[in-house]
Amino acid sequence: MVIPNLFRTVLLCFLPLLVWSGCGPSSVSQGPIKHSTNQPSSLANPSLPAFPGIGPQTATGTQQGTIFHNRATEAGVVFRYTNGEDAETFAILDSLGGGVGYLDFDQDGQLDLLFPGGGTYRQNQTITGQPTGLFRQIDRWQFQDVSRHAGTLDETRYTHGAAVADANNDGFPDVLVTGYQGLLFYINNGDGTFVESANTAGLTDQLWSSSAAWGDFNSDSIPDLYIAHYVNWSPQNDPVCRSAKGDRRDICPPREFEPLPDTLYLGNGDGTFRDSTPAAGLSPNGKGLGVIAADIDLDGLQDLYVANDTVPNFLYKNLGGGHFEDVSNSSGTAVNDRGLPDGSMGVDVGDFDLDGLPDIWVSNFERESFALYRNFGNCMFRHVSQATAITAVGSGFVGWGTSFFDWDCDGDEDVFVANGHVIRYPASGEVNQLPLLFENEGSKRFRNIAPTAGPWMNQPHPGRGCATGDLDRDGDLDLVVSLVNEPVALLCNELPASPHWLKVRLIGLETCRDGFAARVTVRTNETTQCRQIKGGGSYASTSDFVLHFGLGNFELIRELRVDWPSGTIDYLQHIPTKQLLTIREGDHPLAPTNP
Amino acid sequence: MNRTALKLAIAIGLVGIALVAIWFGTRPLPANRFRLGLNAAEHENWPEVLRQAEALKGKAEFASEARLLQAIYLLKTDRPASALKELSAIEPVGPLRSSALLYAGEAFYRQDRLFDAEKLFATLASENPDSLPAHRWLAAVAYDSGNMNYAMEELAQVSRLSPTDFRPYILKGQILADLERFAEAASSYQAAVSLKPPPNVLAEVLPALVRAQIAVREYSPALTTLSTAPDDAANLALAAECHLGLGRPDEARELIDRAITLDPNQPDVLKLHGRLELDAGRADSARRSLQKLVDLDPHDHTSRHELAQSLRMLGQTAAAEEQSRLSAQSIDLKARLAALTLEAIARPRDAEVRTKMANLCEELGRPLLAATWRKAATACRQLQQAPQKQ
């Protein structure tokens, strides 16, 4: 608490029998501030990656008038995440909600959807789960609930997150479901059914898990797994907290609880995993909600970023062999621009400024700012939310699921955030919150265009996890959002014009099959874009692994390069747009004369 | 006696009668003397207050009035204990009761007996809910004792009774800003501005309003506010921060360049300059500005955090770690102070909490604030030790 001169002046003036005219400073108005005109940007060029020609550039024009239309009901995806708040136990367990998983579990070329169902914590201190929903896409915007047949109806766990990956490299995506009372690990049998195998796979973690990220952390081509844990709530550690106004019981804040250490599982190659946490070099004091595995320093190894609630976030630089160095503080990504930890929930990695370096995006709690950490290279980041107008949307949002995605196919990555309050009786009075759709303007700043992006985007929701992918195979990215105690939303991207795009599916051979950490660089005559295969991300969700490139008016891709973590480079030239390109590792080796 | 002489005698008689009448009408009656004394007090003419008090002494029916004027004189010449003695001898009922309560409350306040003062002001307010000075004093006492919620309630009463007074809104804005309730602080400052305070006050209120608006990311309204503010270095820096928040770093840069020419060492200017230089990757230039800032305020944890970042960019890892450590230390102290502030609000008579706050304020280099909390702690302790007085 600081009392500046102003207060002293006023307090003295305020006292009875003193005349105010004798108080206060005597500064006199000198006239209004005159605002400046535009000046050229002075942003310094950071170090550039190995691929030639990558550098700051301006993306192509933005499509106007696009809306996202919720087609969940007509598509037959009727599913509701249940947090059990009707039991009136006000446990922090109720607050996390659930995520979304994109997967093509039957490999028919059409994306399917998976939703953890939540659960209930009752007054008698029992915890039950709700079934996980699996919806198979049978035609465009036609889904069928196949949960029963597929065998995802487990009700023993209170669930939150869906982490999808081909865990056993058999060509069929498997699913890890996080939550309270342990993990669920659904191995895809390849025949439309799954078998829950957490215990037999050695995934015996019993701590309260929120999100998980698949990756290949020791470069052995076998998928590994990072599990983010939240706090040490239990029925035996369930304090009573009051609402902001103090007039009734409400959900306790995370500060009331101790953090739980995260877990790193390394794959053994035989379908089982070993707990490699002690040797990994992880910090024990996180309250993890979001986690992403991505090659942040572009050294070919998947690094990890963990969004922690109310304590500093983690950035782990992968040293190889399943060992990490905690560079959270030295990188500038542990805290916000004031040096304080945020209440972080969701996370993604993308190259918002098209400089070739992956930047980190974090959704945070209200009265904070969502954090955009610009990558300066050498594991140095700068919090640029203010300079990119992210903070200008205000500080009333509680951000959860979030995703970089080029929704308008204009060549730069935009951002979606699903928002919703965590407590029952917030001071603002509203649990539901408006979503945010940030349009990337010239790779320099963002503008929220959600109010003009259709009715769903213009209404408050109890948002949690979200994921992106081209559900209807029309070339633009659609969104799926999990809501708390409300039906999920399938947001069809109805881009009015017909911009160019390219989708790239990677199939690893030396690298694990999903291609974790593989980087794709796409160059037209004027633009260069980089994407990579990431594990985890958003909040408790998994987006489609197919990489999407918006290309605006560019009809031809001059060069496409894939840098696989195995060291293999695939290189293609003169590629037509508006297609899904499948690249197997080593199918298009880089010719010696090529760059 | 001739007719002329008779006329002259009558005229002289009439003049005499008129003069007597005039004298009679204007002679300093005790009641007039009391009014003159109060008028002198309003104009802070303390010798005149004393003169009228002395003149009333010995007039038995005006003994209380004489004591009241004497008490005012003593109070305003820094003798509150003596003033209290005079006030305690005034009849507890009658027309002087309100004034006596008010000045007695002030006398207690000036002796740092905050809760004795509060009791008298509260009595006055309960007897006369529309007593403007009672509510003003109650607000001041509540603020000094760290009872911010009560202070804001009383400020609301003051605004009700004096709707054109901008001062309660400014004070309320400051309290809310201290509690980091910036949206409400901005509304309160906005209300103060709408009541058209004089230019010298406005020049201080506008930046406070802008800071609150920036804190809640209301950058465009903040720029509108600044359009009526003096074009000094601090305000240019605030405008630059608004432009930065709107994603216009080039405009911010131009403003900060202008601000530097006006005052290169102004803290807001240094802060924005450091931030812009860091954004642009010019770590050494940023370091210089940020170092100046932490020299000015060693507990400016944000600047220290950014200083650490500039040092890391320059490869000075050990120095960066030290700055990070110091930043974390300041953050910890401030977090403890914030928690204690809430405790003080919840426990308005707790001396221990206030003593801890005073100690923390000293650690944070805020001696004035420390003194305020010590005063509050002393008052709480007096309350705990002394028997309740009527």
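This text goes with the structure placed above it.
(A) The arrangement of the overall build of chain B in detail. Looking only at helices and strands, chain B has 21 helices and zero strands in total. Over its C-alpha atoms chain B spans a radius of gyration of 30 Å, topping by over 25% the 21 Å that the globule rule assigns to 390 residues. Across its three principal directions, the C-alpha atoms of chain B cover 115 × 60 × 30 Å. Out of the 390 residues belonging to chain B, those deemed buried represent 51%.

(B) Spotlight on the sheet that holds strand β1 (residues 67–70) of chain A. All names here are of chain A. Strand order in this open sheet of four strands is β1-β32-β31-β30, and the pairing throughout is antiparallel. Looking at the sheet topology across the chains shown, the edges are occupied by β1 and β30 (463–469). Neighbour to neighbour, the strand axes of the sheet diverge by 25° on average, direction disregarded.

(C) Inspection of the packing of aromatic side chains at higher detail. Under the counting rule described, the total for this entry stands at 26 aromatic pairs over all chains. Relative to A:Phe273, the ring of A:Phe185 has its centre 5.9 Å away and its plane inclined at 80°; by these criteria the two rings are edge-to-face. In this pair, A:Phe185 is assigned in strand β10 (residues 184–188) and A:Phe273 in strand β17 (residues 273–275), connecting sequence segments 88 residues apart. Three or more aromatic residues joined by ring pairs make a cluster, and in this case those are A:Tyr121, A:Tyr180, A:Trp208, A:Tyr230 and A:Trp233. Here A:Arg374 stacks its cationic end above the ring of A:Phe376, 4.9 Å away from the centre of that ring. Between B:Lys375 and the ring centre of B:Tyr109, over which it is positioned, the NZ or CZ distance is 4.8 Å.

(D) Focus on unusual backbone geometry. Residues and elements named next belong to chain A. With phi around 55°, Asn-169 is a residue other than glycine that occupies positive phi space. The topology assignment puts Asn-169 in the loop between β8 (158–165) and β9 (174–180). Unusually for a residue other than glycine, Cys-409 sits at a positive phi of about 55°. Take Cys-409: it is sitting in the loop between β26 (399–405) and β27 (414–419).

(E) The arrangement of the environment of A:Ala294 in detail. All names here are of chain A. Tracing the backbone shows Ala-294 in strand β18 (residues 288–294). Of the residues examined, Ala-294 reaches a relative accessible area of 0% and is grouped as buried. Measuring from C-alpha to C-alpha, the distance between Ala-294 and Pro-358 comes to 8.7 Å, with 64 residues separating the pair along the chain. Those residues in contact with Ala-294, other than ones at most four positions away along the chain, are Leu-301, Gln-302, Asp-303, Val-349, Gln-532 and Lys-534.

(F) The arrangement of the sheet that holds strand β7 (residues 142–145) of chain A in detail. Residue and element names in this part refer to chain A. In space, the four strands of this open sheet follow the order β2-β3-β6-β7, with antiparallel pairing throughout. The open sheet has two edge strands, β2 (101–103) and β7, and neither has a second partner. Strand-to-strand twist of the sheet, defined as the mean angle between neighbouring strand axes without regard to direction, takes the value 25°. Sheet topology places β2 next to strand β3 (residues 112–115); three bridges connect them, and they run antiparallel. If you follow Gly-101 over to β3, its bridge partner there is Leu-114.

(G) Structural view of the pattern of salt bridges. Residue and element names in this part refer to chain B. Scanning all chains against the criterion turns up 50 salt bridges over all chains. Here Arg-347 ties to Asp-350 by a salt bridge, and the two come within 2.8 Å at their closest N and O atoms. Among the charged side chains, a network of salt bridges with common partners joins Arg-253, Asp-257, Glu-277 and Arg-282.

(H) Region of the structure containing the packing of helix α12 (residues 199–215) of chain B against helix α14 (residues 233–245) of chain B. Residues and elements named next belong to chain B. One way to put it is that α12 packs onto α14 with a least axis distance of 11 Å and a crossing angle of 20°. Taken together, the axes of α12 and α14 lie roughly parallel to each other. In this structure, α12 meets α14 at a crossing whose hand is left-handed. Every residue of α14 that contacts α12 at Pro-207, Val-210, Arg-211 and Ile-214 is listed here: Asn-235, Leu-238, Glu-241 and Cys-242. Taken together, the residues of the contact of α12 with α14 sort by class into five nonpolar, one polar and two charged.

(I) Just the pairing of strand β29 (residues 445–448) of chain A, in detail. Residue and element names in this part refer to chain A. The pairing of strand β28 (residues 436–441) with β29 spans four bridges and is classified as antiparallel. Bridging across to β29, Glu-439 finds its partner in Arg-447. The turn joining β28 and β29, which pair antiparallel and follow one another in sequence, is formed by three residues; a positive phi near 65° is taken by Gly-442.

(J) Broad picture of the state of the cysteines. In the structure shown here, the tally under the stated rule is one disulfide over all chains. Covalently, A:Cys241 is tied to A:Cys252 through a disulfide, its sulfur atoms 2.0 Å apart. Around the S-S axis, the bridge from A:Cys241 to A:Cys252 shows a dihedral of about 100° and counts as right-handed. Of this pair, A:Cys241 sits in strand β14 (residues 241–242) while A:Cys252 sits in the loop between β15 (249–250) and β16 (263–267); the two residues are eleven residues apart in sequence, bridging distant segments of the chain. We note that A:Cys530 lacks a disulfide partner, and the nearest cysteine sulfur, in A:Cys379, lies 17 Å from it. Looking at A:Cys530, the relative accessible area reads 17%, which means it is buried. A disulfide-free cysteine, B:Cys380 has its sulfur positioned 15 Å from the sulfur of B:Cys361, the nearest such atom.

Basis of the calculations
- All residue numbers refer to position in the chain's written sequence, counted from 1.
- Whichever chain is written first is A, and whichever ligand is written first is 1; the rest continue in order.
- This being a predicted model, a pLDDT of at least 70 is required before a residue's local features are given, and a value of 80 or more before pairs of side-chain atoms are given or counted; all residues contribute to the totals for chains, interfaces and linings.
- Excluding hydrogens and water, the side-chain figures rest on all heavy atoms present in the structure.
- Numbering goes from the N terminus for both helices and strands, where a helix is a DSSP run of H or I of at least four residues and a strand is a run of E of at least two.
- Computation of the radius of gyration draws on C-alpha atoms alone. For the globule rule, the value is 2.2 Å times the number of residues to the power 0.38.
- Relative accessibility thresholds used throughout: buried, under 20% of the residue-type maximum; exposed, over 50%; partly exposed, between the two (1.4 Å probe, protein chains only).
- Strand pairing is assigned whenever DSSP detects at least two bridges linking the two strands.
- Fitted lines through C-alpha atoms serve as axes, helices being fitted only where they are in contact, and the angles separating the N-to-C directions of these axes extend from 0 to 180 degrees.
- Only Phe, Tyr and Trp rings take part, Trp by its six-membered ring, and two of them pair if their centres are within 6.5 Å. Stacked means planes under 30 degrees apart, edge-to-face means over 60, and tilted covers everything else.
- For a ring to carry a charge above it, either NZ of a lysine or CZ of an arginine must fall within 6 Å of the ring centroid while also lying within 35 degrees of the normal to the ring plane.
- Residue contacts are defined here by distance: any two heavy atoms, one from each residue, within 4.5 Å place the two residues in contact.
- Salt bridge, as used here: a side-chain nitrogen of Lys or Arg that lies within 4 Å of a carboxyl oxygen of Asp or Glu.
- Under this scheme an angle from 65 to 115 degrees is roughly perpendicular, one under 35 degrees roughly parallel, and one over 145 degrees roughly antiparallel; angles in between are oblique.
- Handedness of a helix crossing follows the sense of rotation of the near helix relative to the far helix, less than a right angle counterclockwise being left-handed and clockwise being right-handed.
- Residues are sorted three ways: Asp, Glu, Lys and Arg are charged, Ala, Val, Leu, Ile, Met, Phe, Trp, Tyr, Cys and Pro are nonpolar, and all the rest, Gly among them, are polar.
- Pairs of cysteine sulfur atoms within 2.5 Å are what we label disulfides.

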